[in-house]
Amino acid sequence: MSERVTYASYLGLDTLLASQHPTTERHDELLFIVIHQTKELWLKEIVHEVRLAKRLIRSGEAEPAYKALARVSRIQTIMTLSWDVLATMTPADYLSFRDGLGASSGFQSAQFRTLEYLLGLKDAAFLAYQDEGSQARAALEAALAQPSLYDDAISRLAAQGLPVPAEVLERDVTRPYEPSAAVEDAWLEVYRDTARYWELYQLAEKLVDLDDALLTWRHKHVLTVERIIGGKRGTGGTEGASYLARTLQRRCFPELWSLRTRL
């Protein structure tokens, strides 16, 4: 007879709740661990949803992808709000256990870098933070080598008869995406005739929602880091808040932002 399924066994709570290993007796270290583990769980779900959206868009089913993209944006909102919980930690609280973190850093999160790659923010330098042969390295390499979500969206522009240059459609997808005036023109046509291109228009707005939410998350991250450690360098030798502030300039879907000036 099979073992009875319980709430705890179905969710694997024995393993999950035994996965927090503070290095000190300081009260706030558990909060720090739980916040970051929770973010990694949400990132797992976000990557899961983005991969579904990519498959649907590539197969010409943009409308069913809206649900997955909307779900990602909602999850991003929760992740942004979690910074407010971490911000209840004072600088003194954090410094009381910071040495226990060693060289570990959120900069090394394979799931976050995988998400960036899937969204089109390609930078092969981040592969170096994952061990050769590891599952995390393999997932990151796969995301680097495949077209991004934005590449998939642009391919739908071409499939709908909008003029997209061959050099964009056939570009080296392991390289960072470079904004294209022709792609902006194509999206602009979508926004100027929403009735004709309703599916593409809705897809574009779902992508902007996602990018907006990611930027909001990044901004709150910067503020939280500044509140807790100021301008100090981060763990693992990272630049801390100054590096994070520079990421606010990144756009996953640049032409969807720039076209608005021309409407």
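Here's a quick rundown of the structure. Source: prediction; values computed, not measured.

1. Focus on the overall build of the protein
So, step 1. The number of helices and strands found in the protein is 13 helices and 0 strands.
So, step 2. Its helices and strands taken in sequence order, the protein reads α-α-α-α-α-α-α-α-α-α-α-α-α from the N to the C terminus.
So, step 3. Oriented by its inertia axes, the alpha-carbon framework of the protein measures out at about 60 × 60 × 35 Å.
So, step 4. Looking at the protein residue by residue over its 263 residues, the buried ones come to 45%.
So, step 5. If you take every contact in the protein between residues at least 6 apart in sequence, the share linking residues at least 24 apart comes to 72%.
So, step 6. Separation of charge centres in the protein, based on 31 positive and 36 negative side chains, amounts to 2 Å.

2. A look at the packing of aromatic side chains
So, step 1. In this structure the tally under the stated criterion is 10 aromatic pairs.
So, step 2. Ring centres of Y150 and F253 lie 5.3 Å apart, and the angle between their planes is 55°; this geometry places the pair in the tilted category. You can see Y150 sitting in helix α8 (residues 149–159) and its partner F253 sitting in the loop between α12 (241–246) and α13 (254–258), a full 103 residues away along the chain.
So, step 3. Ring geometry for Y191 against Y201: centres 5.1 Å apart, planes inclined by 85°, an arrangement best described as edge-to-face. Taken together, the residues Y191 in helix α10 (residues 181–192) and Y201 in helix α11 (residues 198–229) connect sequence positions 10 residues apart.
So, step 4. Relative accessible area serves as the criterion here: at 11%, Y191 is assigned to the buried category.
So, step 5. Geometry around F126 places R113 over its ring, the cationic atom sitting 3.8 Å from the centre.
So, step 6. Over the face of the ring belonging to W257 we find R251, whose NZ or CZ atom lies 5.0 Å from the ring centre.

3. Concerning the pattern of salt bridges
For side chains of opposite charge, pairing can occur when their charged atoms come near one another.
So, step 1. The final tally for this structure, using the stated rule, is 13 salt bridges.
So, step 2. R58 is paired through a salt bridge with D152; the nearest N and O atoms lie 2.4 Å apart. One end of the pair, R58, is in helix α3 (residues 28–58); the other, D152, is in helix α8, and 94 residues separate them in sequence.
So, step 3. Taking the relative accessible area as the measure of exposure, R58 reaches 44% and is therefore partly exposed.
So, step 4. For E116, the salt bridge identified is with R113, shortest N-O distance 2.8 Å. Here the residue E116 and the residue R113 both occupy positions in helix α6 (residues 110–119), the gap between them amounting to 3 residues, near one helical turn.
So, step 5. Owing to a relative accessible area of 2%, E116 belongs among the buried residues under this scheme.
So, step 6. Three or more residues joined by partner-sharing salt bridges are found here, namely R113, E116, R218 and R250.

4. Here we look at the environment of F112
So, step 1. With respect to the helices and strands, the residue F112 is situated in helix α6.
So, step 2. In this structure, the C-alpha to C-alpha distance between F112 and L140, residues 28 residues apart in sequence, is 9.6 Å.
So, step 3. For F112, the contacting residues outside a window of four places in its chain are L43, L214, W217 and R218.

5. Quick notes on the environment of F107
So, step 1. Its location among the elements puts F107 in the loop between α5 (91–95) and α6.
So, step 2. Of the residues examined, F107 reaches a relative accessible area of 16% and is grouped as buried.

6. Description of the nonpolar core
So, step 1. L119, L149, Y150, W187, L207 and L256 are the most contacted members of the largest nonpolar core, which totals 70 residues.
So, step 2. At 12 residues, α11 tops the list of elements feeding residues into this core.
So, step 3. Residues within four places of L207 in sequence aside, it is in contact with L69, L149, Y150, A153, F253 and L256.

7. Some thoughts on the side chain of S73
So, step 1. Looking at the element boundaries, S73 is found in helix α4 (residues 62–86).
So, step 2. Setting aside anything within four residues of it in sequence, one finds S73 in contact with D209, L210 and A213.

8. Let's talk about the packing of α3 against α6
So, step 1. Put simply, α3 and α6 touch, their axes get as near as 9 Å, and they point 25° apart. By the criterion of interaxial angle, the relationship of α3 to α6 is roughly parallel. Considering only the axes of α3 and α6, their crossing is left-handed. Within the contact between the two elements, α3 uses E40, L43, K44, I46, V47, V50, R51 and K54 and α6 uses Q111, F112, T114, L115, L118 and L119.
So, step 2. Looking at the contact of α3 with α6, its residues break down into 8 nonpolar, 2 polar and 4 charged.

What counts as what
Residues numbered from 1 in each chain as written. Predicted model: local features only at pLDDT ≥ 70, side-chain atom pairs only at ≥ 80, totals over all residues. Heavy atoms only, no water. Helix = DSSP H or I, 4+ residues; strand = E, 2+ residues; numbered from the N terminus. Buried < 20%, exposed > 50% of the residue type's maximum accessible area, 1.4 Å probe, protein only. Contact = heavy atoms within 4.5 Å. Lys, Arg positive; Asp, Glu negative; His and termini not counted. Charge placed at Lys NZ, Arg CZ, Asp CG, Glu CD. Phe/Tyr/Trp six-rings, centres within 6.5 Å; stacked < 30°, edge-to-face > 60°. Lys NZ or Arg CZ within 6 Å of the ring centre and 35° of its normal. Salt bridge = Lys/Arg side-chain N within 4 Å of Asp/Glu carboxyl O. Core = buried A, V, L, I, M, F, W, Y, C linked by side-chain atoms within 4.5 Å. Axes fitted to C-alpha atoms, helices over the stretch in contact; angles between N-to-C directions. Parallel < 35°, antiparallel > 145°, perpendicular 65-115°, else oblique. Left-handed = near helix turned anticlockwise from the far one by under 90°. Nonpolar A, V, L, I, M, F, W, Y, C, P; charged D, E, K, R; others polar.

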